[in-house]
Amino acid sequence: MNLHETHLFREIHEQPAALERFLSTGLEPVRALAERLRKENIRHVFIAARGTSDNAGRYAQYLFGIQNRLLVSLATPSLFSIYQRPPDLHETLTLGISQSGQSPDLVAVLAEANRQGGLTAAITNHPESPMGAEAKIIIPLLAGKERSLAATKTYTTQLAALAALSALLSVSSQAALDELQQIPPAISAVLKYSDEIEEIAERYRYMQHCVVIGRGLNYATAFELSLKLKELTYTIAEPYSSADFLHGPFALVEPGFPVFLIAPQSVVLPELLHFLERLGERRGEVISISDVPDVFKHATRNLPLPVTLPEHLSPISAIVPGQLFAMFLANTRGIDVDHPRGLSKITETT
């Protein structure tokens with residue numbers, strides 16, 4: 001099949017429209033949830049998610065912590081479904097994030113929170129799902145049916161939903177909401193560089209191992225890009241923060257070793273530039289996702305971010321060059337990008 005006719009190609013390119021739709025018509029349940037959080041003075045968010053949605057949860061940890069000073073934890077679902085030793089979820093928002101809303105262990109987390117009398121909510125593309133049925137407030141993603149096994153448009157709309165909740169919890173909520181309107185055109189700008197990204201991806205046809213580095217808000221992006229490289233291209237791609245990578249794994253770097261670095265304009269940029277210098281000393285091959293000229297100078301190749309977003313929104317656009325790269329690399333290797341081996345669209349874990 002022609003790559004441009006695949007579900008994955010179409011869904012990556014549908015992201016600006018999906019985000020516009022959510023931001024223009026999907027905010028009412030987000031407003032309702034923000035109001036409940038304020039009314040009940042809830043300061044702890046407990047997130048139940050798996051896979052790509054778990055990476056959205058990592059974004060929420062930094063986003064709500066930095067922007068709203070909320071404490072955010074990621075659930076350990078087996079405490080609920082297997083060990084049956086759940087934590088105390090009173091005075092907590094238990095938030096399920098799932099494309100399908102089908103996984104029994106995630107549903108069990110929300111069910112237990114309801115049993116304890118806590119506040120529950122779900123961010124999902126399928127509000128009629130078992131997770132949606134357990135949630136007191138449902139935030140539909142409105143992304144349209146996602147047919148490719150690799151999640152793309154549902155991931156970026158999940159991030160947008162979290163960013164909208166953060167905005168509505170802020171003191172200057174209207175200004176924060178207005179910032180969200182920058183997201184769809186920023187992603188459209190990335191998509192215009194598809195040909196250049198395809199050309200770069202072809203150079204890595206034989207790559208078998210790599211690491212993906214992020215820091216702060218884009219730590220989540222490192223995890224999501226590494227997942228896309230694993231599931232679409234079968235590459236062993238390990239995610240790290242730049243700080244953790246220096247504590248031992250840095251020994252992996254030798255001349256030509258591929259290091260993907262997510263480094264948009266941010267508070268952590270000086271640390272990442274220093275990290276880049278260290279990689280240069282070891283002659284690692286750096287593929288950057290950035291909008292910063294100083295990063296371009298040190299990187300071997302750059303997957304461009306032509307529009308600079310506020311740091312707290314940058315993960316929503318920063319993943320898109322990685323999605324394109326993984327898709328093009330898989331296609332170069334003759335892999336069916338819509339049906340990676342061993343995967344199914346709905347994964348039900350217990």
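Note that the structure is a prediction, hence the values are computed from the model and not measured.

**Observations regarding the overall build of the chain**
Point 1. When helices and strands are tallied, the chain shows 16 helices and 10 strands.
Point 2. Relative to the globule expectation of 20 Å for 350 residues, the C-alpha radius of gyration of the chain, 20 Å, shows essentially globular dimensions.
Point 3. Here the chain holds 350 residues, and the buried ones make up 59% of them.
Point 4. In the chain, the proportion of contacts linking residues at least 24 apart, taken out of those at least 6 apart, comes to 76%.
Point 5. In the form shown here, the chain has an accessible surface area of approximately 14400 Å², with 49% of it arising from carbon and sulfur atoms.
Point 6. For the chain, the distance from the average site of its 30 positive side-chain charges to the average site of its 37 negative ones is 3 Å.

**As for helix α10 (residues 183–191)**
Because an α-helix packs 3.6 residues into every turn, residues spaced three or four apart end up facing the same way.
Point 1. Burial analysis of α10 places 7 of its 9 residues in the buried class, the great majority of the element.
Point 2. Of all the positions in α10, only Ile-183, Pro-184, Ala-186, Ile-187, Ala-189, Val-190 and Leu-191 are classed as buried.

**Quick word on the pattern of salt bridges**
Close approach of charged atoms allows side chains with opposite charge to pair.
Point 1. In the structure shown here, the tally under the stated rule is 14 salt bridges.
Point 2. Across the pair Arg-58 and Asp-54 runs a salt bridge whose closest N-O atoms are separated by 3.8 Å. In this pair, Arg-58 and Asp-54 are both assigned in helix α4 (residues 51–68), 4 residues apart and thus about one turn of the helix distant. Here Arg-58 and Asp-54 have matching classes, each one buried.

**Here's the deal with the packing of aromatic side chains**
Point 1. As enumerated under the stated definition, the model contains 9 aromatic pairs in all.
Point 2. Here the aromatic rings of Tyr-219 and Phe-223 are separated by 4.9 Å at their centres, their planes lie at 80°, and the arrangement is edge-to-face. Taken together, the residues span about one helical turn, with Tyr-219 and Phe-223 both in helix α12 (residues 219–233) at a distance of 4 residues. Accessibility assignment for this pair places Tyr-219 and Phe-223 in one class, buried.
Point 3. Here the aromatic rings of Phe-245 and Phe-250 are separated by 6.0 Å at their centres, their planes lie at 80°, and the arrangement is edge-to-face. The same class applies to Phe-245 and to Phe-250, which are both buried.
Point 4. Above the plane of the ring of Phe-223 lies Arg-58, whose end atom (NZ or CZ) is 3.8 Å from the centre.

**Section: the nonpolar core**
Point 1. Judged by nonpolar contacts, the single largest core of 87 residues is most densely connected at Tyr-59, Leu-162, Leu-229 and Phe-325.
Point 2. Looking at this core, the element that brings in the most residues is helix α16 (residues 314–332), giving 11 residues.
Point 3. Once residues within four sequence positions are removed from consideration, Leu-229 is found in contact with Cys-210, Val-212, Tyr-234, Thr-235, Ala-237, Phe-260, Phe-325, Ala-326 and Leu-329.
Point 4. Ranked by size, the runner-up nonpolar core spans 20 residues in total, among them Phe-250, Val-253, Leu-269 and Val-295.

**Regarding the environment of Lys-228**
Point 1. Inspection of the secondary structure puts Lys-228 in helix α12.
Point 2. C-alpha separation for the pair Lys-228 and Phe-325, spaced 97 residues apart in sequence, amounts to 9.3 Å.
Point 3. Each residue touching Lys-228, except ones within four places of it in the same chain, is listed here: Thr-52, Ala-150, Ala-151, Thr-152, Thr-233 and Ala-326.

**Considerations on the sheet that holds strand β8 (residues 258–262)**
Point 1. With respect to topology, 5 strands assemble into an open sheet ordered β7-β6-β8-β9-β10, the strand pairing being parallel. Each end of this open sheet is capped by a strand with a single partner; those strands are β7 (236–241) and β10 (301–304). Each neighbouring strand pair of the sheet contributes to a mean axis angle of 20°, computed without reference to strand direction.
Point 2. Note that strand β6 (residues 209–214) and β7 share 6 bridges and pair parallel. When the bridges of β7 are listed, Gly-214 appears paired with Ser-241.
Point 3. Across the sheet, helix α14 (residues 269–281) lies against β6, β8 and β9 (285–290), angled at about 170° from β8, the strand it touches most.

**Describing the pairing of β10**
Point 1. Of the two faces of β10, the one carrying Arg-301 and Leu-303 and the one carrying Asn-302 and Pro-304 are both buried.
Point 2. Sheet topology note: the β9/β10 ladder contains 4 bridges and is parallel. What sits directly across from Ser-290, in β10, is Pro-304.
Point 3. In this view, the connection linking β9 to its parallel neighbour β10 by way of helix α15 (residues 293–298) has right-handed handedness.

**Structural notes on α12**
Point 1. Spanning 15 residues, α12 covers 21 Å between terminal C-alpha atoms, matching the ideal 21 Å at 1.5 Å per step.
Point 2. Following α12 by one or two positions, Tyr-234 adopts a phi angle in the positive range, close to 65°.

**Focus: the sheet that holds strand β3 (residues 93–98)**
Neighbouring strands of a sheet are bound in pairs by backbone hydrogen bonds; such pairs are parallel or else antiparallel.
Point 1. Across the sheet, 5 strands lie side by side as β2-β1-β3-β4-β5; this open sheet has parallel pairing. Of all strands in the sheet, those bounded by a partner on one side alone are β2 (71–74) and β5 (137–140). Direction aside, the axes of adjacent strands within the sheet are offset by 20° on average.
Point 2. Sheet analysis places strand β4 (residues 119–124) next to β5, joined by 4 bridges and oriented parallel. Opposite Ala-122, over in β5, you have Ile-138 as the bridge partner.

Scoring rules and cut-offs
- Residues numbered from 1 in each chain as written.
- Predicted model: local features only at pLDDT ≥ 70, side-chain atom pairs only at ≥ 80, totals over all residues.
- Heavy atoms only, no water.
- Helix = DSSP H or I, 4+ residues; strand = E, 2+ residues; numbered from the N terminus.
- Rg over C-alpha atoms; globule rule 2.2 N^0.38 Å.
- Buried < 20%, exposed > 50% of the residue type's maximum accessible area, 1.4 Å probe, protein only.
- Contact = heavy atoms within 4.5 Å.
- Areas by Shrake-Rupley, 256 points an atom, 1.4 Å probe, with all protein chains shown as cover.
- Lys, Arg positive; Asp, Glu negative; His and termini not counted.
- Charge placed at Lys NZ, Arg CZ, Asp CG, Glu CD.
- Salt bridge = Lys/Arg side-chain N within 4 Å of Asp/Glu carboxyl O.
- Phe/Tyr/Trp six-rings, centres within 6.5 Å; stacked < 30°, edge-to-face > 60°.
- Lys NZ or Arg CZ within 6 Å of the ring centre and 35° of its normal.
- Core = buried A, V, L, I, M, F, W, Y, C linked by side-chain atoms within 4.5 Å.
- Pairing = 2+ DSSP bridges.
- Axes fitted to C-alpha atoms, helices over the stretch in contact; angles between N-to-C directions.
- Right-handed = clockwise from strand over helix to strand, strands pointing away.
- Expected span 1.5 Å × (residues − 1).

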